[in-house]
Amino acid sequence: MAQTDRSIVIDKGQETELECTGYKLNWSKSVIVCLLVALSCGFLILVFYWKKDWRLKSMYTQCPLNDAGAVLLEDTYQRKHVTYIEEINDIDSNEISEILKRNVNNLRVFKFHKLKYIWFPENNVFIRLNHIPTCSDIYNNAQGLSTSDISSRQMMYGENIIDVPVKPYLTLLVQEVLNPFYVFQVFTVIVWCIDEYYYYSVCIVVMSFVSIVLSLYTTRKQAKTLRDMVFSCSTVKVMRKLKGIQEISEYELVPGDVILIPPRGCKMTCDAALIQGNCIVNESMLTGESVPITKVPLPNTSDGGSQNLSTTEHSRHILFCGTEVIETKYYGNDHVKAVVIQTGFSTAKGMLVRSILYPKPTEFKLYQDSIRYILTLASVAFIGFVFTITQLVIAGFSLERIIIRALDIITIAVPPPLPAALTIGMVYAQFRLKKKSIYCISPQRINFGGNLDVVCFDKTGTLTEDCLDLMGIQLANDARFDKLQTDFQRATGLFSYCMATCHSLSKIGSELVGDPIDTKMFEATGWTLEEASTVEDAANLDQIAPTTVKSSNMNAADVHEIGILRQFPFSSRLQRMSVITRTVGDENLVAFVKGSPEMITSLCTQETVPTDFKEVLSEYTKQGFRVLALAYKPLDSSLKWHKDMQLSRDDVESELVFLGLMVMQNKLKQQTEPVISELHSANIKTVMITGDNILTAINVAQKCNLVTPHQKIYQVHANVSGDDVANICLTLEHAAVEQMTSHKSKNNNVQRHSQSDEAAELPNMCYAVDGSSFEVLRKYYPEEFKKVVVGAKVFARMSPIQKDQCVETLMEVGLTVGMCGDGANDCGALKTAHIGISLSEAEASVASPFTSKTPDISCVPEVIKEGRCALTTSFGMFKYMALYSMIQFVTAMMLNTFGTYFGDIHFLYIDIFLCTSVVLFMGRNKPYNRISVQKPVKNLMSAPIIFSFTSQTVIQTIFQTVCYYILIAQPWFVPLDPDLDSKNILCYETTALVLYSFFQYVITGYLFTPGKPFRTPIYKNKPYAISFMLLTCFNLMMLFFPPEPFNTFFEFVEIPSPNKIFQVELFALLLVNVVVSTLFERCLVTNKKLMDIVACRCFRKKHKLSYTEAYGLLTEIKCETT
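Below, the structure is looked at part by part. (Residues numbered from 1 in each chain as written. Predicted model: local features only at pLDDT ≥ 70, side-chain atom pairs only at ≥ 80, totals over all residues. Heavy atoms only, no water.)

Let's talk about the packing of aromatic side chains
Here the structure, examined in full by the defined rule, presents 38 aromatic pairs. Between the aromatic rings of Trp972 and Phe1062, the centroid separation amounts to 5.5 Å while the plane-to-plane angle is 85°, which identifies the pairing as edge-to-face. Here Trp972 is found in the loop between α29 (943–968) and α30 (988–1007), whereas its partner Phe1062 is found in helix α33 (residues 1061–1084), with 90 residues between them in sequence. For the residue pair Trp972 and Phe1062, the accessibility class agrees, reading buried in each case. Where Phe998 meets Phe1052, the ring centres are 6.2 Å apart and the plane angle is 45°; that geometry is what we call tilted. Placement of Phe998 in helix α30 and of Phe1052 in the loop between α32 (1044–1049) and α33 is noted, with a sequence separation of 54 residues between them. Residue classification places Phe998 among the buried residues on the basis of a relative accessible area of 0%. Using a relative accessible area of 5% as the deciding quantity, one classes Phe1052 as buried. One aromatic cluster is present, formed by Tyr909, Phe913, Phe998, Phe1034, Phe1046, Phe1049, Phe1050 and Phe1052 through successive ring pairs. Over the ring of Tyr49 we find Lys52; its NZ or CZ atom is 4.8 Å from the centre of that ring. (Phe/Tyr/Trp six-rings, centres within 6.5 Å; stacked < 30°, edge-to-face > 60°. Helix = DSSP H or I, 4+ residues; strand = E, 2+ residues; numbered from the N terminus. Buried < 20%, exposed > 50% of the residue type's maximum accessible area, 1.4 Å probe, protein only. Lys NZ or Arg CZ within 6 Å of the ring centre and 35° of its normal.)

Here we look at the packing of helix α27 (residues 859–898) against α29
The interhelical angle for the contact between α27 and α29, taken along N-to-C directions, is 30°, at an axis separation of 10 Å. Taken together, the axes of α27 and α29 lie roughly parallel to each other. In the crossing of α27 with α29, the sense of the turn from one axis to the other is right-handed. Along the contact surface, α27 presents Phe875, Lys879, Ala882, Leu883, Met886, Ile887, Val890, Thr891, Met894 and Phe898, while α29 presents Ile945, Ser948, Phe949, Gln952, Thr953, Gln956, Thr957, Gln960, Thr961 and Tyr964. Among the residues making up the contact of α27 with α29, the classes are represented as eleven nonpolar, eight polar and one charged. (Axes fitted to C-alpha atoms, helices over the stretch in contact; angles between N-to-C directions. Parallel < 35°, antiparallel > 145°, perpendicular 65-115°, else oblique. Left-handed = near helix turned anticlockwise from the far one by under 90°. Contact = heavy atoms within 4.5 Å. Nonpolar A, V, L, I, M, F, W, Y, C, P; charged D, E, K, R; others polar.)

Examining the sheet that holds strand β11 (residues 244–249)
Read from one edge to the other, the open sheet built from six strands follows the order β11-β10-β12-β19-β14-β17, with strand pairing classed as antiparallel. Unpaired on one side and paired on the other, β11 and β17 (318–319) mark the two borders of the sheet. Where strand β10 (residues 235–240) and strand β12 (residues 258–261) come together, three bridges link them in antiparallel fashion. For Val238, the partnering residue across the bridge sits in β12 and is Ile259. (Pairing = 2+ DSSP bridges.)

Thoughts on the pattern of salt bridges
Tallying each qualifying case throughout the model produces 21 salt bridges. A salt bridge links Arg128 to Asp11; the shortest N-O distance between them is 2.8 Å. Of this pair, Arg128 sits in strand β9 (residues 125–128) while Asp11 is found in the loop between β1 (7–10) and β2 (18–25), placing the two residues 117 residues apart along the sequence. Judged by its relative accessible area of 15%, Arg128 is buried. Among the salt bridges present, the one from Lys80 reaches Glu74, with a minimum N-O distance of 3.8 Å. Judged by relative accessible area, which is 37%, Lys80 ranks as partly exposed. The exposure class of Glu74 is partly exposed, given its relative accessible area of 24%. Via salt bridges that share partners, Arg432, Lys436, Glu862 and Glu866 belong to a single interconnected network. (Salt bridge = Lys/Arg side-chain N within 4 Å of Asp/Glu carboxyl O.)

Description of the packing of helix α18 (residues 613–622) against helix α22 (residues 694–703)
Helix packing for two helices is described by the angle between their axes and how far apart those axes are. Packing of α18 against α22 leaves a shortest axis separation of 7 Å and a crossing angle of 20°. Taken together, the axes of α18 and α22 lie roughly parallel to each other. Two packed elements cross with a definite hand, and for α18 against α22 that hand is right-handed. Contact residues: α18 offers Ser618, Thr621 and Lys622, while α22 offers Leu695, Thr696 and Asn699. Partitioned by chemical class, the residues of the contact of α18 with α22 number one nonpolar, four polar and one charged.

Some details on the pairing of strand β19 (residues 336–342)
Within β19, seven of the seven residues are buried, which leaves the element mostly enclosed by the surrounding structure. Looking at chain direction, β12 and β19 are connected through four bridges and run antiparallel. Counted as the bridge partner of Ile261 is Val336 from β19. Note that strand β14 (residues 271–276) and β19 share five bridges and pair antiparallel. Within β19, the position partnered with Gln276 by the bridge is Lys337.

What follows is the structure, given as structure tokens:
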């Protein structure tokens, strides 16, 4: 990158991606800005407060980043931020260069969203300060840091504190008052006061004051709650060079510090890599997984020492900030040690807090659309502004009256709180979800739930029970399978030893904790687990204090006690786990391995694998059983435990001896099938993404009706067989086998042939694909890959990264995607999906935007229903606020034409009673009890919303005009002769038009509060229904039988209509108004064909990849039946 570059991209492809552009101060531009500020009486300062990037561009000039004093940052959501560069010259450049692993003479840094970015002149880039050591670096720091190291790192990384600022009330008040909405309110109140609307102005000021007070209280309370939730103030024991073990405040920790974990556990205050001892940890805050897991030391081997530490790949060796260490296990008198790798806001807990402080603007497009509506209304207001001035000038009114009336038109036509109306539905939905134990840390995502096209599910723990029933074991002897055994305690020999030792279980008190599968397997053996607490307890095991398992079988030929010396944790990517064990009283070490049958057999010597392995495995998996394979390997008898600690995982897990299969039954959760059926009835596609065997996954999918009985399921097999040649094979499960082979040529073209006779079956089919085929398709056939992903219903043997890629691909083709999982191996996919729901006991986790305490998928329909209800409510409120302004605008324009205007009480009644009742109660409508096939509109700039708003504006305008013509047709009507020095409120024109508009506000409130199919009917919202009835009755009273004091208070004139003929005519007009408005809103707006014509949808480019196109993969590539 050249030194003259003025813009760079930081953290490209990551969540923290930023486009960074350099600016330096321009004195001539600054002087001009100061003059403009003076000429605008300071208003320009307010504009710059709202738009800080405008200030930067007005006073600064773009320049190379090396010379910049400020930077303009643009995030992935097109939001612009301004921050300033700080230069630090008083540093020890050698020590700082050693920390950063780059040559640095002086520091140029800027801070953004609690993270620090450092300028590296050699590469002309800003890089986020992020401590990423190699595995060897971790162990090189095992003796602790020196005093100079600590000083330099404290200067670089700052305090280890996650501080949530709680602003003083005065600061919050200033920020709130300077909000554009309240600035506009101040402007409107000044205009109204000049026009002598004192009652209305006082009410608006009081309401604004109450609103500000409540907003300040709520904002500060939320900040204090978050601060109290993350607050931590504890002491930590650290090892320092030359100073030994010290006890310091957690705030003084820096990356590289060696901390000691207490035997009885603690709350982690930083991210740290475990280098000695084991820890049992509860990570529900991080992953949503409530089952405690065992953390083991980071490998310190020659093959992995130069590898950068990865929080994903090495997660089983890292203690994350905010997680709870329940208990530790250590060697002899040694301490359990860990090396700090991240502090403050760079930790896992810090990232969670950052996501709350700076949430993603997932509704950014809705906000942009609302601004477009405001600009449209502002254009209408400008037309009204010019028209009003023209009319009043012609009528001969004074200049003061003309200016006030013209400005008043603007205050009526442009409602500042219009964008805020979009949040009302989300607020009510979030509250209702919380009552159902579904917690949301990103309320903006609720609206996405209303338009889900596909929902992806993990299998184990989500669709099926966590706990599997162990059905049987099938041992292998002499490359042949024995009969299936169901009496597990009769199993002897190496197979039983593997079942008893190859797990990650721990004991807390008298309770076994760990993976439910491991628990079932271990309990089936009848063995007991013990953890030695002293060196004497393990004198026969090289002075190491490991976990030991003891057999209850007193058969002299059997082993009775085995020590587990080392554990390689289960890895989703590797699909296996292993342990190194030693029998008490024996010198030999044995490794036991457990994992997916396909993976284990690939690591075994082939002569030990039964010849009918594939057939036996296929038979079990077709019946839906979960199958694990077990194997072992004798290790070098000369190895001692300290040498064992140096062995690499690859050395241990190679050239294994196959032991047999463990067969488990995976039961569906009670709510799984009903929920899947409910989603299918709403035409929402359901998908399974699992790490299990593909045949097991297909069986479970069929049992829960995720794959319906009438659907044929094709297994997609893809592999690379040679140089630049890839093969795809489709297998029809439970039917004939069909194969197709295509060759990828040098120009990346795929040879395709037509086969139209299969096209008729396309709607009744789906795909199943495993992780290896998924990867080949993604790499070699990007177009076919998308079709397979869209057409597939079962993804098996998928790694966590592949789950994420699958969700991303579904989103790329234009689908709105939901993901539901237990949070453990699904974190990436849960965070990527539009709606990610983690089944967890935690109220909030980094794993996903939504967390459900109910451990089944019944939460999914609830989120969808609330999403649809929220969308409908928000758009209804938005249309009401906009139309309310237009009705008032039309009335004001007509009154101005006659030389009259609204009275003070008219504004008061319309805004305080009519409008406020709708705003307060509309959102209380609950979601409808069923999910319909029809989906709500998801864009403001869509045909139904635009057509609805425009048509209703025209309708209400026409009926107000008709009202006026009915009035002037009355024999008693006398037109107003306006007094140029008066408001002329007491006249027939004002009384008739304002009174009629009262009913129109009620009508539009009713129109934009729809019920079925997304919300409950309006009559079930009792406060809303009662307020409607009261307001309607009051309006009818004012029309037909107005008491004299009320007429006087409302500044209405008495209508001298004999037998109330005029009132009856207005009432009849109202009924027609209701019928016409309802027909348009309920019949035309909901007519899909009409809206397609209005939107010219037939001429638009299609964005979504249809399922028919996806299943057309069969017709594009030649199939050969075998």
